[in-house]
Amino acid sequence: MLGSLQHIDLPMRKFKELEEVDYVIVGVGSAGGVLLQRLARAGFNVVGLEAGPLWDTERDWVSDEAGSHELYWEDPRVTGGTDPLALGANNCGRGVGGGSVHWAAFTPRLHPSDFEVYTRDGVGSDWPITYEEIRPYYEQLELEMPVAGPAYYPWGHPHGYPYGPHPMGGVGNALIRGCSALNIPVSIGGPVAILSGSHGDRPHCIYRGFCIQGCKVGAKASTLITHVPDALHSGAEIRDHSMVGRVSLGKDGRVNGVHYFDKDGKEHFQCAKSVILCGYAIETPRLLLNSACSGFEHGLANLSDTVGRYLMAQAGTVVLGRFDQLVRMYKAPPAHALTEEFYETDPKNDFARGFAIQTVGPLPLAFGKQMVAAKKAWGWGLRREMMDYNHWASFGLLGEILPWPENRVTLDEEKDRFGLPIAHVSFNLHENDKRLIKAATEKTVEVMHAAGAAEVVHEARYAHLVGAARMGSDPRTSVVDKFGRSHDIPNLFICDGSIMPTQGSANPGLTIQALAARTADYLISQGDRVFTSNDRNMATPPIRREFAPPETWGKGVPRLT
Ligand SMILES: Cc1cc2nc3c(=O)[nH]c(=O)nc-3n(C[C@H](O)[C@H](O)[C@H](O)COP(=O)(O)OP(=O)(O)OC[C@H]3O[C@@H](n4cnc5c(N)ncnc54)[C@H](O)[C@@H]3O)c2cc1C
Ligand code: SF4
């Protein structure tokens, strides 16, 4: 039973403890939610095991910054390296919907160049798929969420959005002013997976700015409201508060289920013909490493020694500007305008790849933390800055940091409450990354000044972790193939942000969900073969639009092709 917005008028299917299901999905987040829905609709017996709760949005959520911390994965992790990442509220979700519950819902696509970074620029690596292979899934997910944005979006592969753009808030107006003054093209009102008009039983956005707190209104897309209701209607089971600690490998070299802990810490086993990991860029490699066993002493599916490596974060420095006039940053979704004018490699730069500049609308607590970091404000000084909140605007840069083998997830000696070794995340910036961040920060500061800000400060930070179980064609240098299938174990799949070989400077959520829909089409096209055969059919599967949640395909205005 979900909250009133996602009311399900039938009991959830329950599989018996020792019943062998077709698929067990570990983590019902951005990718897991899409996959669960597709596989259930195609008639497979599928269970989603989710470490966090199955939210009732009416009962559990509040439109309040301090009251929303339950949405985040805040279990202990160790962070290290020369440039350690902050781990917690700023990266992972916990609970059905995962990170899509607290994301800001910016949904740009990757550019065609992102799929051949090594060939074009001699850095990073190429993907085993091209933009054209993922493009139909971008188009499909943009309808399923759906995405609002301009009728013509000029960057990467130019395209249009099926739903009209949003009106501008104060931060968006500042970005438009700054970019226009410098002759930088800017996209206004999206792309963002927030309803600009009502859609089915979901109401339109009311512009109160609580998107990162879950959007109690239901205007912002999360798999909790876009895909999970249809998954349950189609016969999937979701077992919440179920923390998977180990994937089990049978004597035949195939996985046969997962061990998990319930809310009371009691251990259970779920039998399955195939296992799909959708736990996010830290928890998926951690689970593989924790599942080491005979034949895989260094981690399950890790004969390549690539599990945990090539972890990426995007540079996410926030630039804040004070304006004499009122801005009121909370009065709009944080995500509503951006420019990708600096996305591609420019030979005039002293670095490869590029960055985007986007609106960010921190609420007062987040703003206060930024003032502590950017201005060393404290005590009465911090109080004065916070009373001035309505005069500040905030832009975020999103910069492409390249994949490096030593940026990685390993296991720490410390254990969590289930006795499982916690993740140790090591992160170092390299010369290309540092140069890119410097140039991106300077450009974003320039735009803020051009918008008319009298005072400009910034806080260096990171956003959006991906990688650490990357896909590729070569089993010696990647963990999974182009459909997310483990090179080492034929009935083990990975389907989340961890399989991305590079990240571009687009927010990753749309790409993660598009890849999940593509993996689902592959599994549907394979039928029972995945459960019985070790042969790999690498043919491109047909696109099964009829398995999308009903009433989503074919709506919206015609797109540009
Ligand atoms: C504040 C914020 C704003 C963001 N804004 C944007 C944005 O505007 N646009 C965008 O594209 N992206 C955004 N992101 C990033 C985006 O949310 C993530 O990239 C995306 O959700 C990752 O998807 P995933 O499927 O890999 O993992 P998740 O969505 O995090 O799902 C993983 C799920 O697995 C569960 N899980 C993990 N381990 C286990 C286990 N062992 N057993 C059982 N369950 C487990 C977790 O509880 C979680 O529910 C934002 C992130 C943050 C933090
Ligand atoms: S601003 Fe719109 S999308 Fe964001 S929380 Fe409010 S209603 Fe939801």
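Position numbers for residues count from 1 along each chain, tracking the sequence in the order it is written. Each chain gets a letter, beginning with A, and each ligand a number, beginning with 1, in the order they are written. This being a predicted model, a pLDDT of at least 70 is required before a residue's local features are given, and a value of 80 or more before pairs of side-chain atoms are given or counted; all residues contribute to the totals for chains, interfaces and linings. Water and hydrogen atoms play no part in the side-chain values, which are based on all heavy atoms of the structure.

Caption draft 1: Highlighting the site of ligand 2. Any residue with a heavy atom lying within 4 Å of a molecule or strand is counted as near it. Taken together, Ile194, Cys205, Ile206, Tyr207, Arg208, Gly209, Phe210, Cys211, Cys215, Val217 and Lys220 are the residues near ligand 2. Of the residues assigned to the shell around ligand 2, the class counts are eight nonpolar, one polar and two charged. Polar here means any residue outside two lists: the nonpolar Ala, Val, Leu, Ile, Met, Phe, Trp, Tyr, Cys and Pro, and the charged Asp, Glu, Lys and Arg; Gly therefore counts as polar.

Caption draft 2: Local environment of the nonpolar core. Here, the term nonpolar core denotes a set of buried Ala, Val, Leu, Ile, Met, Phe, Trp, Tyr and Cys residues that are joined through side-chain atoms within 4.5 Å. Throughout this description, buried means an accessible area under 20% of the type-specific maximum (1.4 Å probe, protein chains only), exposed means over 50%, and partly exposed covers the range between. Core analysis: the largest hydrophobic core is formed by 105 residues, its most contacted members being Leu39, Ile276 and Leu492. Secondary structure counts use DSSP, requiring at least four H or I residues in a row for a helix and at least two E residues in a row for a strand, with both numbered from the N terminus. Per element, the largest residue contribution to this core is ten residues, and it comes from helix α13 (residues 509-526). Setting aside anything within four residues of it in sequence, one finds Leu39 in contact with Tyr23, Ile25, Phe44, Val46, Ile276, Ala520, Leu523 and Ile524. Met371, Ala393, Ala423 and Leu465 belong to the second largest nonpolar core, which has 49 residues in total. Between two residues, a contact is recorded if the distance between any of their heavy atoms is within 4.5 Å.

Caption draft 3: Expanded view of the sheet that holds strand β15 (residues 421-426). One requirement defines pairing of two strands: DSSP has to find at least two bridges between them. An order of β3-β15-β14 is seen for the three strands of this open sheet, with the pairing classed as mixed. Both edges of this open sheet fall to β3 (78-80) and β14 (408-415), since each of them pairs with a single strand only. Ignoring strand direction, the axes of neighbouring strands in this sheet form an average angle of 30 degrees. In this structure, β14 lies alongside β15, joined through five bridges in antiparallel fashion. Only the stretch in contact is used when fitting a helix axis, every axis being a line fitted to C-alpha atoms; angles between N-to-C directions are given from 0 to 180 degrees.

Caption draft 4: Structural view of the pattern of salt bridges. Throughout this description, the term salt bridge denotes a Lys or Arg side-chain nitrogen within 4 Å of a carboxyl oxygen of Asp or Glu. Overall, the coordinates contain 29 salt bridges when judged by the stated rule. In this structure, Asp60 engages Arg59 in a salt bridge whose closest nitrogen and oxygen atoms are separated by 2.7 Å. The class of Asp60 is partly exposed, set by a relative accessible area of 27%. Exposure remark for Arg59: the relative accessible area of 60% places this residue in the exposed category.

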